[in-house]
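# Secondary and tertiary structure notes
What follows is the residue order along each chain.
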Amino acid sequence: MTKPRRSAPLLPGEAGRDLPLLAVCAILVFLACLSVIGAAGAWRAAGGWSDQLVSEMTLQVLPADEGDGDAAARDAGTLASGLPGVIDVEVRARAASTALLRPWLGNTTLPDDFPLPRLVTLRIDPENRPASGAIEALFADAPYRVIVDDNRLWAGAIARASATVRYFAAGLVLLVCGAAAAVIVFAARAALSMRRDLAEALHLVGAPDSFIIALFQQRFFMLGLKAGAVGSLLALLAALCLNLAGGSAASLFFLPSLAPGWWIVIIVPVAALVSGLISAIAARLTVSAGLKARWP
């Protein structure tokens, strides 16, 4: 018993001609997914920084002339720990202040008598913060000078910077989607021109325009689906490699971390589906306009 021969599709794909288009669409999806991952990393990092800033205050303790800076910092920490709303106190040694200056001064060794401020970090209860001016009043009669840095002043700047990154990433994603749609429009026009004999033959046998449009739409949907899957997987691998290589907030505090969380797996099917839909819609509109122009 012979097996029934499978009928060939009316609009078969051509691997040699589809490969460059697939590569271009995959690259565009790759760039769009990297933008989304970077924006999500910036959002997550900004949220962590904002929470830390709201719940912390920093004291700069400047010892008096010939005074012991470390002893002054310990005394300031002891006094601040008794304030209502202060949960924890961390007194940092001179080495911590020196480390903060290293990006600007390099490995230069500062003289021992250099009046380098000591830092005291106060962890604050956000719901029960110390009264305004209470910390300044606490050290009014201290034999050393204390400068209070309320880190909440930086929270607004970080929120604005995070919003800017998100808007920029969203704009970049829209731009890339527009570029992908333009590429598909060009490819669909070329495919319709090359398959003009097929369209004419289908018209002669009574096939409506919707049937011909569906053939091109299905082909380009599958092409966009493959390109979306490949591009998003490459973006995911790139994010993992960048994170493992140290290109994250762990090594550069001003860069968002690209470490993917559990949600990152969603980007592969979502990117593939969106890419397929964009390709299908662009092909449908292009072929429909082409058929109306040829057979009004």
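Residues numbered from 1 in each chain as written. Predicted model: local features only at pLDDT ≥ 70, side-chain atom pairs only at ≥ 80, totals over all residues. Heavy atoms only, no water.

### Some thoughts on the overall build of the protein chain
This is how it is decided: Helix numbers and strand numbers start at the N terminus; a helix is a DSSP run of H or I with at least 4 residues, a strand a run of E with at least 2. A 1.4 Å probe rolled over the protein chains alone gives each residue an accessible area, and that area as a share of the maximum for its type sets the label: buried under 20%, exposed over 50%, partly exposed in between. The criterion used for residue contact is that any of the two residues' heavy atoms lie within 4.5 Å.
From N to C terminus, the protein chain includes eight helices and four strands. Its helices and strands in sequence order give the protein chain the pattern α-β-α-β-α-β-α-β-α-α-α-α, from N to C terminus. Classification of the 296 residues of the protein chain by burial places 35% in the buried group. Put simply, of all contacts in the protein chain between residues at least 6 apart along the chain, 83% involve residues at least 24 apart.

### A few points about the side chain of arginine 118
Mapped onto the fold, arginine 118 is located in strand β3 (residues 118–124). Residue classification places arginine 118 among the buried positions, given a relative accessible area of 8%. If we skip the residues at most four places from it in the chain, arginine 118 touches Leu59, Gln60, Val61, Gly69, Asp70, Ala73, Arg92, Ala93, Arg94 and Ser97.

### Points about a nonpolar patch on the surface
Worth spelling out the cut-off: Nonpolar side chains (Val, Leu, Ile, Met, Phe, Trp, Tyr) are joined into patches within 5 Å and like charges within 9 Å, using only residues with over 30% relative accessible area and no salt bridge. In this description, accessible areas are obtained by the Shrake-Rupley approach with a 1.4 Å probe, and a residue is regarded as covered only by the protein chains that are shown. Any Lys or Arg side-chain nitrogen found within 4 Å of a carboxyl oxygen on Asp or Glu counts as a salt bridge.
Taken together, Val230, Leu234, Leu237 and Leu240 make up a surface patch of nonpolar side chains, about 330 Å² in accessible area. For leucine 240, a relative accessible area of 34% gives the class partly exposed.

### A short note on the nonpolar core
Selection rule: The term nonpolar core refers to a set of buried residues drawn from Ala, Val, Leu, Ile, Met, Phe, Trp, Tyr and Cys, joined through side-chain atoms within 4.5 Å.
Counting 22 residues, the largest nonpolar core has Leu21, Ile184, Phe216, Phe220 and Val287 as its most contacted members. No other element matches helix α7 (residues 209–244), which puts seven residues into this core. Among all residues touching isoleucine 184, those that are not within four sequence positions of it are Leu21, Cys25, Phe220, Ser279, Ala282 and Ala283. Counting residues in hydrophobic clusters, the runner-up holds 16 residues, among them Met57, Ala72, Leu122 and Tyr144.

### What to know about the pairing of strand β1 (residues 56–62)
Regular strands place their side chains on alternate faces of the sheet. To keep it simple, the criterion reads: One bridge is not enough; two strands pair if DSSP finds at least two bridges between them.
Burial within β1 is extensive, with five of its seven residues counted as buried. Looking at chain direction, β1 and β3 are connected through six bridges and run antiparallel. The partner of glutamine 60 across the bridge, within β3, is leucine 119. One ladder, built from six bridges, connects β1 with strand β4 (residues 145–150); its direction is antiparallel. Bridge pairing in β4 links leucine 62 to arginine 145.

### Points about the environment of leucine 223
Within the fold, leucine 223 resides in helix α7. Taking relative accessible area as the criterion, leucine 223 reaches 7% and is therefore assigned buried. Note: C-alpha distance between leucine 223 and alanine 272 (49 residues apart in sequence) is 9.9 Å. Filtering out sequence-adjacent residues up to four positions away, leucine 223 remains in contact with Asp18, Leu21, Leu22 and Cys25.

### Concerning the confidence of the model for the protein chain
Quick note on the threshold: Within a predicted model, pLDDT stands for the predictor's per-residue confidence, ranging from 0 to 100.
When pLDDT is averaged across the protein chain, the result is 76; 79% of the residues are at 70 or more. Contacts from residues 1–8, a stretch scored under 50 in pLDDT, to residues over four places away or in other chains number zero contacts. Throughout residues 247–256 the model reports pLDDT below 50, and contacts reaching past four residues in sequence, or to other chains, amount to 15 contacts.

### Looking at the packing of aromatic side chains
Operational definition: Pairing of aromatic side chains here covers Phe, Tyr and the six-membered ring of Trp, requires ring centres within 6.5 Å, and sorts the geometry by plane angle: under 30 degrees stacked, over 60 edge-to-face, intermediate tilted. The criterion is that NZ of a Lys, or CZ of an Arg, lies within 6 Å of the ring centre and within 35 degrees of the ring normal, and then a charge sits over that ring.
All told, the structure shown has one aromatic pair when counted by the stated rule. Arranged with centres 6.4 Å apart and planes meeting at 50°, the rings of phenylalanine 139 and tyrosine 144 form a pair that is tilted. Both residues of the pair, phenylalanine 139 and tyrosine 144, count as buried. One residue, arginine 219, lies across the ring of phenylalanine 220, its end atom 5.7 Å from the ring centre.

### Re the pattern of salt bridges
Tallied over the entire structure, the rule returns one salt bridge. In this structure, arginine 92 and glutamate 90 form a salt bridge, with 3.6 Å as the shortest nitrogen-oxygen distance. On the basis of relative accessible area, arginine 92 is assigned to the partly exposed category, the value being 31%.

### A look at the sheet that holds β4
For clarity, the threshold we go by: Helix axes use the C-alpha atoms of the stretch in contact, all axes being lines fitted to C-alpha atoms, and the angles between their N-to-C directions lie in the range 0 to 180 degrees.
Strands sit in the order β2-β3-β1-β4 across an open sheet of four strands; the sheet is antiparallel. Here the strands that pair on one side only, and so sit at the sheet edges, are β2 (86–91) and β4. Averaged over all neighbouring strand pairs, the angle between strand axes comes to 20°, with direction disregarded. This element, helix α2 (residues 69–81), spans β1, β2 and β3 of the sheet and lies at about 175° to β2.

### Section: the state of the cysteines
The condition that has to hold: Defined by distance alone, a disulfide is two cysteine sulfur atoms within 2.5 Å.
Per the stated rule, a full pass over the model turns up zero disulfides. Note on cysteine 33: no disulfide assigned, nearest cysteine sulfur contributed by cysteine 177 at a separation of 9.4 Å.

### Comments concerning the environment of leucine 202
Here leucine 202 shows up in helix α6 (residues 196–204). A relative accessible area of 10% places leucine 202 in the buried class. For the pair formed by leucine 202 and isoleucine 212, sequence separation is 10 residues and the distance between their alpha carbons is 7.6 Å.

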